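# Structural overview for review
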Amino acid sequence: MTAPCDLGGRGVLVTRPAAQAEPLCQLIAAAGGRAIRFPTIAIAPVATPQTAALLAETWDVLYFVSPNAVEQALAQVPDGRWAQVKWVAAVGRGTARVLTAAGRAPDLVPNDRYESEALLAMPELADMRGQRVLIVRGVGGRALFADTLTARGATVHFAEVYRRVQPEVDPAPVLARWADEVAVVMATSDEVLLNLVAMLGAAGREQLLRTPLVVIAERTALTAQKLGFTTVKVAARAEDAAIVQAVCEVL
């Protein structure tokens, strides 16, 4: 892939969980930038007999909200007993790739923006009367998808297979180099952004808010504006290449 620009050695603060950051970091490097790893979320598995039983049941729609949801579900149902599912749905291409690699390519994936709103606009989900839906997610995810499908007539259940936790990190080293090294920050969710603000604390708040921010959803842009960020760019899609393109544009 041709790099969308030359970042000229400028630093990009990558806030993704450590295990999921490498592909994005490689794209940043390919564009001549420096990826500064500062994960603001860690993934802790949640495994119970109840979630394992739900994953093994028959469903009309099995919806995975993230790559983490797929990976943690596979840890509980390693043989992938999802053959009893009419449609497997994925929030976006990253989640779809993990499903495909696991041997069950999804049936429903939005083509434009990768979020629940785009999936809900698909005609296959317009009439859900009598349908059974299982949403595989982290603890305390968004209610929009479940509420909308319930209103359309579905019976909705949740399998919460992981918990997002805030890592214990000393921010002093990155703050000491911030002015010289951090040219842009990226945040792929409200929780990632809010954790970043909390982890940097009062000492880093002013520097952070002055730094250009790249996000992947309008709702996160609104959160950033309320926090006081002065420059916020929404990537065209929730993909690594689109994030790097947005970094190029904002710089």
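These figures come from a predicted structure and were not determined experimentally. (Residues numbered from 1 in each chain as written. Predicted model: local features only at pLDDT ≥ 70, side-chain atom pairs only at ≥ 80, totals over all residues. Heavy atoms only, no water.)

## Structural notes on the environment of threonine 231
Note the following rule: In this description a helix means any DSSP run of H or I spanning at least four residues, a strand means any run of E spanning at least two, and both kinds are numbered starting from the N terminus. When accessible area is computed with a 1.4 Å probe and restricted to protein chains, residues below 20% of their type maximum are described as buried, those above 50% as exposed, and intermediate ones as partly exposed. Note on contacts: a residue pair qualifies if any of its non-hydrogen atoms lie within 4.5 Å across the two residues.
Tracing the backbone through its elements, the reader meets threonine 231 in the loop between helix H9 (218-227) and strand E10 (232-234). On the basis of relative accessible area, threonine 231 is assigned to the partly exposed category, the value being 31%. Not counting the four nearest positions on each side in its chain, threonine 231 is found in contact with Thr211, Pro212, Leu213 and Val250.

## With respect to the packing of helix H3 (residues 67-76) against helix H4 (residues 93-101)
What counts here: A fitted line through C-alpha atoms serves as each axis, taken over the contacting stretch for helices, and the angle formed by two N-to-C directions is quoted from 0 to 180°. Here is the rule for angles: anything less than 35 degrees is roughly parallel, anything more than 145 is roughly antiparallel, 65 through 115 is roughly perpendicular, and the remaining ranges are oblique. Just so you know the grouping, Ala, Val, Leu, Ile, Met, Phe, Trp, Tyr, Cys and Pro go in nonpolar, Asp, Glu, Lys and Arg go in charged, and all remaining residues, Gly too, go in polar.
It is the contact of H3 with H4, at a shortest axis distance of 8 Å, that shows an interaxial angle of 25°. On the basis of their axis angle, the class for H3 and H4 is roughly parallel. Contacts between H3 and H4 pair Pro67, Val70 and Glu71 from the former with Gly94, Thr95, Val98 and Leu99 from the latter. Its residues assigned to classes, the contact of H3 with H4 shows 4 nonpolar, 2 polar and 1 charged.

## With respect to the sheet that holds strand E2 (residues 34-37)
Definition in use: When DSSP finds two or more bridges between two strands, those strands count as paired.
Spatial strand order, E2-E1-E8-E9-E10: 5 strands in an open sheet with parallel pairing. Strands with a single pairing partner mark the edges of an open sheet, and in this sheet they are E2 and E10. Neighbouring strand axes in the sheet, compared pairwise and without regard to direction, differ in orientation by 25° on average. Alignment of strand E1 (residues 11-14) against E2, held across 4 bridges, turns out to be parallel. Bridged to valine 14 within E2 is arginine 37. Along the sheet, helix H7 (residues 172-181) makes contact with E1, E2 and strand E8 (182-187), crossing E8 at roughly 110°.

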